[in-house]
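Close look at the chain arrangement
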Amino acid sequence: MASELKSYYSYRELAQLFEEGIEKAEELKRNSEELLTVKPDESSWSVCEIIQHLVKFNHLYLSFIDKAIARSDSPVTGKKLFRARLFFRWYIRLLMPPYKMKVKTLSPLKPSGTENLDCYAELDRLIQTNREMIERIKIAEAEKLDLNRIKGKNSVLKISMTLSDFILIWDAHQKRHFWQAEKTLETTARLAYN
C-alpha cells in the first residue's frame, strides 16, 4: 500500500481520505479476534494495540480541530483546494507508508494493552472518529471555511497548525498504522500456520 501526498485537495478529496480509513477498519474487522490481539514479538504492538493508538490519536486531533474552529473568526474562501504547509508536507511524506523511519510514540498515545479489550469495539471507535472527521469537513465545505487560514495549537507538539495540516497529518498517520497493521497480520498469520 504505497501512499502519495497530492499537491492540493478539495473538500471532497479530503473527506474521501477518511472514507478510505473506514474501509480499512472494516477490512480489519474480517479477522479473528485472536489474530488481532497477537503480538508478532514482545517489542511490537498487536493490531488491536495499533487500533487503540489510532483511536487515541484521532480523538486528540478532533479536539485540536474543534478548538481551532471555535477560536477562529472562521475565514471563508473562494478557494476550493487546500494543502499542508511546506514543513508539514515534508513530515507527512516521512509518515506515509511504506515508511523506513520509526517515530517515537508519546506516552499519552501509547496503547494500554489488549487485556480485557474488545478489538471489534476499538475498530468501531476508529470508524466513528473517521465519520466525525468527514462530518467536520462537510461542515467546513458548507460554510466555505478556509482550511489553509484557520489555525490551532497542537498542544502536544507545541506548534501552530492549519486545519489542512491537521487533516493531512491525521490521514498520513492513519495510513502509516494501517500499513503497520497489515504487516503485523501477515507476520502473525505466518506464525500461526508454522
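Keep in mind that this is a model prediction, so the values were computed, not measured.

What counts as what
- Residues numbered from 1 in each chain as written.
- Predicted model: local features only at pLDDT ≥ 70, side-chain atom pairs only at ≥ 80, totals over all residues.
- Heavy atoms only, no water.
- Helix = DSSP H or I, 4+ residues; strand = E, 2+ residues; numbered from the N terminus.
- Rg over C-alpha atoms; globule rule 2.2 N^0.38 Å.
- Buried < 20%, exposed > 50% of the residue type's maximum accessible area, 1.4 Å probe, protein only.
- Contact = heavy atoms within 4.5 Å.
- Areas by Shrake-Rupley, 256 points an atom, 1.4 Å probe, with all protein chains shown as cover.
- Lys, Arg positive; Asp, Glu negative; His and termini not counted.
- Charge placed at Lys NZ, Arg CZ, Asp CG, Glu CD.
- Salt bridge = Lys/Arg side-chain N within 4 Å of Asp/Glu carboxyl O.
- Axes fitted to C-alpha atoms, helices over the stretch in contact; angles between N-to-C directions.
- Parallel < 35°, antiparallel > 145°, perpendicular 65-115°, else oblique.
- Nonpolar A, V, L, I, M, F, W, Y, C, P; charged D, E, K, R; others polar.
- 1 Å grid on protein atoms, 1.4 Å probe; cavity = no way out; pocket = protein on both sides within 12 Å on 5 of 7 lines; lining within 4 Å.
- Points joined across faces, edges and corners; volume = space filled by probe spheres on them.
- Pairing = 2+ DSSP bridges.

**Remarks on the overall build of the chain**
Secondary structure assignment for the chain yields 6 helices and 2 strands. Start at the N end of the chain and walk to the C end: the helices and strands fall as α-α-α-α-α-β-β-α. The C-alpha radius of gyration computed for the chain amounts to 17 Å, which stays within 12% of the reference 16 Å derived for 194 residues, consistent with globular compactness. Seen through its principal axes, the chain has C-alpha atoms that stretch 60 × 30 × 30 Å. The buried share of the chain, reckoned over its 194 residues, is 47%. Expressed as a percentage of contacts within the chain between residues at least 6 apart in sequence, the contacts between residues at least 24 apart total 85%. Accessible surface, the chain: about 10,200 Å² in total, of which carbon and sulfur atoms supply 53%. Computed over 32 positive and 27 negative side-chain charges, the separation of the two mean positions in the chain equals 8 Å.

**Side note on the pattern of salt bridges**
In total, this model carries 13 salt bridges according to the counting rule given. Among the salt bridges present, the one from Glu 182 reaches Lys 24, with a minimum N-O distance of 3.1 Å. Here Glu 182 is found in helix α6 (residues 163-192), whereas its partner Lys 24 is found in helix α1 (residues 11-28), with 158 residues between them in sequence. Glu 182 sits in the partly exposed class, given a relative accessible area of 25%. Residues participating in the shared-partner salt-bridge network are Glu 26, Lys 29 and Asp 124.

**Comments concerning the packing of α1 against helix α5 (residues 119-142)**
Taken N-terminus to C-terminus, the directions of α1 and α5 make an angle of 170 degrees; their axes are 9 Å apart at the nearest point. Judged on the interaxial angle alone, α5 and α1 are roughly antiparallel. Between α1, through Tyr 11, Leu 14, Ala 15, Phe 18, Glu 19, Gly 21, Ile 22, Ala 25, Glu 26 and Leu 28, and α5, the contact on the second element is made entirely by Leu 123, Leu 126, Ile 127, Asn 130, Arg 131, Met 133, Ile 134, Ile 137, Ala 140 and Glu 141. Taken together, the residues that form the contact of α1 with α5 break down as 14 nonpolar, 2 polar and 4 charged.

**Comments concerning the layout of surface pockets**
Of the pockets and cavities examined, the largest pocket occupies roughly 910 Å³. If you go around the largest pocket, you meet 31 residues; those closest to its centre are Trp 45, Val 103, Thr 105, Arg 176 and His 177. If you list the elements that add at least two residues to the lining of the largest pocket, you get α3 (47-71), α4 (86-95) and α6. Per-element tally for the lining of the largest pocket: the top contributor is α6, with 9 residues.

**Observations regarding the side chain of Gln 52**
Secondary-structure assignment places Gln 52 in helix α3. Looking at Gln 52, the relative accessible area reads 7%, which means it is buried. Those residues in contact with Gln 52 that sit more than four places away from it in its chain are Pro 111, Ser 112, Gly 113, Leu 117 and Glu 122.

**Let's talk about the pairing of strand β2 (residues 159-162)**
With 4 bridges joining them, strand β1 (residues 151-154) and β2 adopt antiparallel strand pairing. Its bridge partner lying in β2, Lys 151 is registered against Thr 162. Where β1 folds back onto β2 in an antiparallel hairpin, the turn is made up of 4 residues, including Lys 158, whose phi is positive at roughly 60 degrees.

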